[in-house]
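Spelled out from the first residue to the last, the chains are:
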Amino acid sequence: MSGYLALLLAAALVPAGQTAMVLKQGVISMIRNTGGSATLTCEIFSPTFDNIHWYRYQEGKAPERLVRYSMKKSESVLDTGFSANKIRAFKVKDTSCRLILSNLQISDSGMYHCASWDGRPVKVFDEGTKLIVTNSVIKKKPPKPIFFLPTLEEVKQKKSGTYICLLEDFFPNVVKTHWKENENSQPLAAQLGPITMTNGYYSQVSWLTVQEENLSKNLTYFYQHEDVGTEPVAVTVPSVLELFKKSSPSESCEKTEVKVEGLHEQHFANTSAFYTYTILLAKSATYFIIILFFLYQKRVAGSQGTK
């Protein structure tokens, strides 16, 4: 794992503005059945470059390079231990390199990265594509976003509001999300919860705390998943202050539906999930204490019986 982190850190060591190179694979994950094949494409945006390197990272192992491909000479050099019948790289166009993996086995699962450099000593890496090879039936499913808006009480008490998005029921478990004020602005400092699984599908929570002076602004939530294409899906989240103005507190708590062209319906609820999670956590803690109490009583009774 440390080698993988070092590899990604090396890519991040080149300060922004000091290199014009950008690599883009586009697809963040890919599910394939055993015996099939997978095709990964790397787009290179740079005025000067030649060799494209393809790496694979598997959990618990050091990153390994599979092949080096020369875009100028149109030839590839496989690393030791890899066969041309299994791995093949070639140029699609002057700024695009493709990697084909054949006769896939479960052992081929992992993160695949393309990398290169534009004359500087540090390689630039793409974020990678996660390849999942399985024997079972493919069950891809797109995410379903559910939004929770800040309450009026939260804004009054804390002088801020927390927007929460529950991204649920998706497969595979590879997803990218971020919040912005608009499509051209930089991503905001949101928090991400862990990806969890229920009944074979995955969910993830992200939340964004906005100060009172910025609650009048609309937000845009972006999510990217294999089953919705290579570009992030944008969902507009309305200003909570505008909703407060348009409706009474009781009406603002009702669910409203927002239809996004080409997507399923998105649901917005003006309630704070923070309080819900707090109540559930308190209930879980209470049950845990009760169970510990009975286990302690049982242990004491057993000790007395033995004596």
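Asker: So what exactly am I meant to see when it comes to the pattern of salt bridges here?
Answerer: Pairing between side chains of opposite charge can happen when their charged atoms approach one another. Counted according to the given criterion, the structure contains nine salt bridges. The partner of Asp 108 in a salt bridge is Lys 86, with the nearest N and O atoms 2.5 Å apart. Of this pair, Asp 108 sits in the loop between strand 8 (96–101) and strand 9 (110–116) while Lys 86 sits in the loop between strand 6 (75–78) and strand 7 (87–93), and the two are 22 residues apart along the sequence. We classify Asp 108 as buried; its relative accessible area is 7%.

Asker: I'm lost on the state of the cysteines in this one. Help?
Answerer: Scanning the model with the defined rule gives one disulfide in all. Between the sulfur of Cys 42 and that of Cys 114 lies a disulfide, 2.2 Å long from S to S. Its S-S torsion of approximately 65 degrees makes the covalent link between Cys 42 and Cys 114 right-handed. Taken together, the positions of Cys 42 in strand 3 (residues 38–45) and Cys 114 in strand 9 put the pair 72 residues apart, joining distant regions of the chain. The residues Cys 42 and Cys 114 share a single accessibility class, namely buried. For the unlinked cysteine Cys 97, the closest cysteine sulfur is that of Cys 42, found at 6.8 Å.

Asker: Where do I start with the side chain of Ser 203 in this structure?
Answerer: Secondary-structure assignment places Ser 203 in strand 17 (residues 201–211). Residue contacts for Ser 203: discarding those within four places in its chain leaves Leu 166, Leu 167, Glu 168, Asp 169, Phe 170, Pro 194, Ile 195 and Thr 196.

Scoring rules and cut-offs
- Residues numbered from 1 in each chain as written.
- Predicted model: local features only at pLDDT ≥ 70, side-chain atom pairs only at ≥ 80, totals over all residues.
- Heavy atoms only, no water.
- Salt bridge = Lys/Arg side-chain N within 4 Å of Asp/Glu carboxyl O.
- Helix = DSSP H or I, 4+ residues; strand = E, 2+ residues; numbered from the N terminus.
- Buried < 20%, exposed > 50% of the residue type's maximum accessible area, 1.4 Å probe, protein only.
- Disulfide = S-S within 2.5 Å.
- Contact = heavy atoms within 4.5 Å.

Interpretation note: all reported values are geometric properties and have no functional meaning in isolation.
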